[in-house]
2 protein chains.
Amino acid sequence: MASALLLRQQLVASVHNSLRFPASGCRYVSKAAVNSQADYEYDRPLMKTQVPGPRSKELTKQMGQIQNNTAINFFCNYEESRGNFLVDVDGNRMLDVYTQIASIPIGYNHPALLKVVSDPNNASAFVNRPALGILPPESFVDKLTEGLLTVAPKGLNRVQNMACGSCSNENAFKAMFIWYRNKERGTSIPSDADLSSCMINQTPGCPELSILSFSGAFHGRTMGCLATTHSKPIHKLDVPSFDWPIAPFPRLQYPLDEHVRENAQEEARCLEETEDLIVKWRHKGMPVAGVVIEPIQAEGGDNHASAAFFISLRKIASKHGCAFHVDEVQTGGGATGRFWAHEHWGAEDPADIVSFSKKLLTGGFFYRDEMETDKRRGDGRLAIYDTMQYNPHHPISTMVRGPGRPAWQPAAGRGHGRHEALPRPTRRIMVHHPSLNQGEPLGIPVNPWILLPPVSDGTRAFNAPPPLLAGWLSAGLTVLAPPADPAVAPLFSLRARDGEGPLH
Amino acid sequence: MASALLLRQQLVASVHNSLRFPASGCRYVSKAAVNSQADYEYDRPLMKTQVPGPRSKELTKQMGQIQNNTAINFFCNYEESRGNFLVDVDGNRMLDVYTQIASIPIGYNHPALLKVVSDPNNASAFVNRPALGILPPESFVDKLTEGLLTVAPKGLNRVQNMACGSCSNENAFKAMFIWYRNKERGTSIPSDADLSSCMINQTPGCPELSILSFSGAFHGRTMGCLATTHSKPIHKLDVPSFDWPIAPFPRLQYPLDEHVRENAQEEARCLEETEDLIVKWRHKGMPVAGVVIEPIQAEGGDNHASAAFFISLRKIASKHGCAFHVDEVQTGGGATGRFWAHEHWGAEDPADIVSFSKKLLTGGFFYRDEMETDKRRGDGRLAIYDTMQYNPHHPISTMVRGPGRPAWQPAAGRGHGRHEALPRPTRRIMVHHPSLNQGEPLGIPVNPWILLPPVSDGTRAFNAPPPLLAGWLSAGLTVLAPPADPAVAPLFSLRARDGEGPLH
């Protein structure tokens, strides 16, 4: 308790300091835009009612007549929301560290994005939805080259755009299955038996292959993804699944420097079990075509592992001929202080496939040349496909290719500079508290609800954030908590000390 | 041949007539907008190069460096495209009866849609992507009520919005599984065994249940959907699947009125086999939770069945306790002359679930009260969920709720009036040729490549369209064919008679 109190006091002090800290230059928009950004952001939260307030309650009730309403936190006024401040329909203005499940990359109503969408030259892009795989617009090659490909993970030269996170992972799985079968066959030309049996869901055309995933993982809610998701029963209950192997994700003890030996043992145990499962499933006749893992488990807790663990895992996958798929749907886009969380591993050859969505505002996956499955196939097209795939003109494409480059690409160096692109309130809180900077090498998250690194007293932020939250609250900040979950809800049951509004 | 020639001559004459036909009033936009629509549409195709032209070939080659490029037809200039005319990057202007795989509801760059997206009040909607299931915007209830729910299929009072067609079907399947298991259990409260086993993909939590689908069906490309898709091997090859039952879809003979007995027998055979499969899979220990079917098979050919067939099928599903899911992703949104293709059945109780996407510009599914699975569950939320779900401010929402109402909702009556909302070239061709109107009760499609009804000489338009295409071509129209497919390509190998450009 003493250390928690101390931390809280430190945090209060540091937040107070940060409020006086002059805004530094902003590298991602023009000088004029910096000014307008300063204008458009709010200084502090402002609570007017309990949350959810009366208007939210009324709308939630109405929604119950139309569709399931049990997951609704409250209704929002997005027009009035700014930066990291979310305004609800009852006029409450909250510091939003949840950011639409980690999907708002640079804050609400960012002037640079508003400028893009209000450009009349972009209007056509919003009303004509090309089927990108067959009839792309002229600018598409440039947009991929000057946009997504500039943030391609090491060694992955190709990118398949998709619509959402689940579709990205589903199609990444399919790419791994096809790659694996081509290897098994020794050719990309399917046999007659392959072609006829696949039409009726039977082997050999629909093979007995598996994807190895990890306990606590979250990879999406469609049926292929669900078979690799193991975070909460509610996602999976009553939905048929595949008998695929599930390896343990390390459960590290904190503070890390006091549990070096235990944690090394724990990671070694998980690696060994992973390798055993790969062998076991091969013997079962359902070989592991790919291993999928999040660099930081978010939905399933806030579970980290060392760079050494991931690098060893990747080697084990390669040793057994399994593709290695890093799911960065939630961690990609700068949330960890580098563009991709896996960059913190410092690996030369981090992955075969890296999937993304959320903060990138479009889904998809990067992949290495050898994973270009369609290239190798006789009747090769449309194996990996979707009608729309994404809107190539989405603002983010323009942001990435625009002068001055990405708002959401952290500067390469370490230190404060790289935080300049964050919405101001986040920056202020995050940068100036030393305990948060201790989280290296994972860096400073844009969306701390998901990705707070271990803090100085050795607790993990997501699983034990009360001191941290208390600090924020003491500084007059109101925190929008993630949706109540049995494992997490108690942590967010604190109330603002100034009594202005509850956490929920 | 004689009848084909006659048909062609009739078509030429009727198209020529239609070109002189004065534009009638347009019910879905204001007078001013009508004028601008008249201004913005092109009169006729204009071919400048072979297709794909040199610029398309160059871009396709570039694209090959980034991702699979084998499915690309050509690159487009969407800014210059209008109504039913698609302009490519080589300046070719083609009559587009393909419309981005049936996904452009009212033509390219429709003035009413452009007006919506260029309204500064809507800008915020494009840059802030709410996680709709938890933090919806204030206007969301109204948008659903005044938008999607105004086109709710009979008996389906609730709507779940989703992002794309595959996600819509995947989540509709999940809803049926959950509904079925709740029935089996007699309660929505899962047992401890359910909760623990589902986390590792095992029964009883992940039950052995199935979805019955039909040969030739296309329901999407994610792994759950793929298990019900049986149109082409390329979609399914090398992807693990579920051992789910696949019933025969009727293969009718044409002209219908000359094959009444044979077709009745064929449909009876398919119904009988469907019922046998439901019983067989129950005995196998993998009961059919739901039956999914398209009202018209499109990707798998152009396969129709009678209203009586669908009504009987729905009764068989109910008799055996299976949910009945009508997949209108490709047929919904007015393509058949009514808003939903299943309306042609005249059924009082057509379905338990109807899924949609494409022409509705957002995905989702309508469902009846009893299918509100989450309502019944102790920890009931987020079983059916996705981070974004859709953009509630998408132009179509505004279109549907705007004064004068839907561009894409055909008028209720029969006859020419209901075609007035179609882009002009389609309207001209379609309305004034009597052979096309014979297709009733399926009505007149917006996207004839997919949904041309049987024509007067008894051939089916999609499977035997040469006379029809020849007629269009004779009238100086250039037709953009669907992607080459072994079963279809030969039908599109005609060349324009005026030699201006090839079909491909």
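See the structure above.
Bear in mind that the values here come from a model prediction, so they are computed numbers and not experimental data. (Residues numbered from 1 in each chain as written. Chains lettered and ligands numbered in written order. Predicted model: local features only at pLDDT ≥ 70, side-chain atom pairs only at ≥ 80, totals over all residues. Heavy atoms only, no water.)

Moving on: the packing of aromatic side chains. Inspection of every chain in the model, using the stated rule, returns 27 aromatic pairs over all chains. Here the aromatic cluster, defined as three or more aromatic residues joined through ring pairs, consists of Phe177, Phe242 and Trp244 of chain A together with Phe177, Phe242 and Trp244 of chain B. One residue, Lys284 of chain A, lies across the ring of Trp281 of chain A, its end atom 3.9 Å from the ring centre. (Phe/Tyr/Trp six-rings, centres within 6.5 Å; stacked < 30°, edge-to-face > 60°. Lys NZ or Arg CZ within 6 Å of the ring centre and 35° of its normal.)

All names here are of chain A. With respect to the helices, strands and loops of the structure, Asn122 is situated in the loop between helix 5 (111–117) and helix 6 (123–127). The exposure class assigned to Asn122 is buried, which follows from its relative accessible area of 19%. As a C-alpha pair, Asn122 and Leu252 span 130 residues in sequence and 48 Å in three-dimensional space. (Helix = DSSP H or I, 4+ residues; strand = E, 2+ residues; numbered from the N terminus. Buried < 20%, exposed > 50% of the residue type's maximum accessible area, 1.4 Å probe, protein only.)

Another point: the interface of chain A and chain B. The interface of chain A with chain B comprises 118 residues on the first partner and 118 residues on the second. Roughly 10700 Å² of surface becomes buried between chain A and chain B when both sides are summed, with 60% attributable to carbon and sulfur atoms. At the boundary of chain A and chain B, one finds 6 salt bridges. At the junction of chain A and chain B, the tally comes to 48 residue pairs in polar contact (both at pLDDT 80 or more). (Contact = heavy atoms within 4.5 Å. Buried area = accessible area lost by both parts, 1.4 Å probe. Salt bridge = Lys/Arg side-chain N within 4 Å of Asp/Glu carboxyl O. Polar contact = N/O pair within 3.5 Å; in protein donor to acceptor, adjacent residues only side chain to side chain.)

Glancing now at the nonpolar core. Val291 of chain A together with Val291 of chain B are the most contacted members of the largest nonpolar core, which totals 144 residues. In contact with Val291 of chain A, other than residues within four places in its own chain, are Leu212, Phe214, Ile278, Leu313, Ala317, Cys322, Ala323, Phe324 and His325 of chain A. (Core = buried A, V, L, I, M, F, W, Y, C linked by side-chain atoms within 4.5 Å.)

Attention now goes to the side chain of Asp238 of chain A. Locating Asp238 of chain A in the fold gives a position in the loop between helix 11 (233–236) and strand 5 (246–247). Engagement of the side chain of Asp238 of chain A in a polar contact is seen with the side chain of Arg185 of chain B, the distance being 2.8 Å.

After a rotation of 180° and a shift along the axis of 0.0 Å, chain A superposes on chain B with an RMSD of 0.0 Å. Interpreted geometrically, this transformation is the action of a two-fold axis. Identified as the residue of chain A closest to the rotation axis by C-alpha distance is Met223 of chain A, at 2.9 Å. The fraction of interface residues of chain A whose copies in chain B are also interface residues reaches 100%, indicating that both copies meet through the same surface. (Least-squares fit on C-alpha atoms with pLDDT ≥ 70 in both.)

Residues and elements named next belong to chain B. Read from one edge to the other, the open sheet built from 7 strands follows the order 3-9-8-7-6-4-5, with strand pairing classed as mixed. For this open sheet the edge positions go to strand 3 (158–162) and strand 5 (246–247), each flanked by a neighbour on one side alone. Pairing of strand 3 with strand 9 (residues 363–367), which is carried by 5 bridges, proceeds in the antiparallel orientation. By the bridge assignment, Asn161 is partnered in strand 9 with Gly364. (Pairing = 2+ DSSP bridges.)

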